[in-house]
Amino acid sequence: MGATRGQHYLPKFLLKGFASRTKEKKAWVYCFRRDAVGNKVSVRDVGKETDFHGNPRDGDLENRMAVVESVFGLHVASWREREFLLESDEELVSQFVGHLIVRTKSIREAFAAGAQVLLDELLGRLDSGELNPFRRPDFEAEMRRRMTENSLLATRFAPI
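Thresholds applied
- Residues numbered from 1 in each chain as written.
- Predicted model: local features only at pLDDT ≥ 70, side-chain atom pairs only at ≥ 80, totals over all residues.
- Heavy atoms only, no water.
- Helix = DSSP H or I, 4+ residues; strand = E, 2+ residues; numbered from the N terminus.
- Rg over C-alpha atoms; globule rule 2.2 N^0.38 Å.
- Buried < 20%, exposed > 50% of the residue type's maximum accessible area, 1.4 Å probe, protein only.
- Contact = heavy atoms within 4.5 Å.
- Salt bridge = Lys/Arg side-chain N within 4 Å of Asp/Glu carboxyl O.
- Phe/Tyr/Trp six-rings, centres within 6.5 Å; stacked < 30°, edge-to-face > 60°.
- Pairing = 2+ DSSP bridges.
- Patch = residues over 30% accessible without salt bridge, like charges linked within 9 Å, V, L, I, M, F, W, Y side chains within 5 Å.
- Areas by Shrake-Rupley, 256 points an atom, 1.4 Å probe, with all protein chains shown as cover.
- Expected span 1.5 Å × (residues − 1).
- Bend = angle between axes of the 7 residues up to and from the residue.

A. Quick look at the overall build of the protein. Secondary structure summary: the protein contains five helices and five strands in total. Of the regular secondary structure in the protein, the N- to C-terminal order runs β-α-β-β-β-β-α-α-α-α. Relative to the compact-globule value of 15 Å for 160 residues, the protein shows a C-alpha radius of gyration of 24 Å, a clear excess of over 25%. Overall size of the protein, expressed as C-alpha extent along the three principal axes, is 70 × 40 × 40 Å. Taken across its 160 residues, the protein has 19% of its residues classed as buried. Of all intrachain contacts in the protein linking residues separated by at least 6 positions in sequence, the fraction that spans at least 24 positions is 52%.

Given below as structure tokens:
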């Protein structure tokens, strides 16, 4: 059997919380498209995109996400049944929220772009000889220099 190409950007266990109808392990939610009447669709068919977590031939992120989300899915189901969260759940709730934030494509792309900028800067400094691994850099002076060059910060951090 081939690897999953239709990957959910909203976990199915989360979508099931909005189900208008369930039957055994199947659930249906209302899907509203712009300028159209809402209709019921299976949660397996919404909140997904082809290769959202990348092509399965290039890596196994989708499988790793499924493992993590299977743990969260069990807890979310029990949280839905209770009126209040237990104090022991607080840590897992914050991990779950963090997981949902980090799993978005825009955040992943921002992290990747930021890492690329840092790598380019590091390589540029190594190539120019500006970064000597045997000399301790003066981070405070570098930060002060950058702050004084920023027009928004220049008046507050002007050299004494």
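B. Examining the pattern of salt bridges more closely. Counted by the stated rule, this structure contains six salt bridges. Its salt-bridge partner being Arg44, residue Asp45 comes within 3.7 Å of it at the nearest N-O pair. According to the relative accessible area criterion, Asp45 is partly exposed, its value standing at 44%.

C. Quick peek at the packing of aromatic side chains. Following the criterion strictly, the structure yields five aromatic pairs and no others. Pairing Phe72 with Phe96 gives two aromatic rings, centres 5.2 Å apart and planes at 55°, and the pair type is tilted. A residue pair is termed long-range when its members are at least 10 positions apart, and Phe72 in helix H2 (residues 61–81) and Phe96 in helix H3 (residues 90–102) qualify at 24 residues. With a relative accessible area of 8%, Phe96 lands in the buried category. One aromatic cluster is present, built from ring pairs that chain together Phe13, Phe72, Trp79 and Phe96.

D. How the structure looks around the environment of Ser78. Within the secondary structure, Ser78 sits in helix H2. Considering only alpha carbons, one finds Ser78 and Ser88, ten residues apart in sequence, at a separation of 13 Å.

E. Region of the structure containing the pairing of strand E3 (residues 26–31). Two strands pair when backbone bridges link them, and strand E2 (residues 21–23) and E3 are joined in this way by three bridges, in the antiparallel orientation. Bridge pairing links Lys23 to Lys26 in E3. In this antiparallel pair of consecutive strands, E2 and E3, the connection spans two residues, and Glu24 shows a positive phi of 55°. Alignment of E3 against strand E4 (residues 39–42), held across four bridges, turns out to be antiparallel.

F. Representation of a nonpolar patch on the surface within the structure. Together, Val97, Ile101, Val102 and Phe111 line one region of the surface with nonpolar side chains, adding up to about 370 Å² of accessible area. Sorting elements by how many residues they give to the nonpolar patch places H3 first, with three residues. Of note, Val102 is situated in helix H3.

G. Structural context of the environment of Gln95. Secondary-structure assignment places Gln95 in helix H3. Residue classification places Gln95 among the partly exposed residues on the basis of a relative accessible area of 40%. Considering only alpha carbons, one finds Gln95 and Phe72, 23 residues apart in sequence, at a separation of 9.1 Å.

H. Summary view of H2. With 21 residues, H2 extends 30 Å from end C-alpha to end C-alpha; this agrees with the ideal 30 Å at 1.5 Å per step. Roughly 25° is the biggest bend found in H2, and it falls at Glu69. Met65, Glu69, Phe72, Gly73, Val76 and Trp79 are the residues of H2 that are buried. Turning to H2, the residues buried within the fold contact helix H1 (12–15) and H3.

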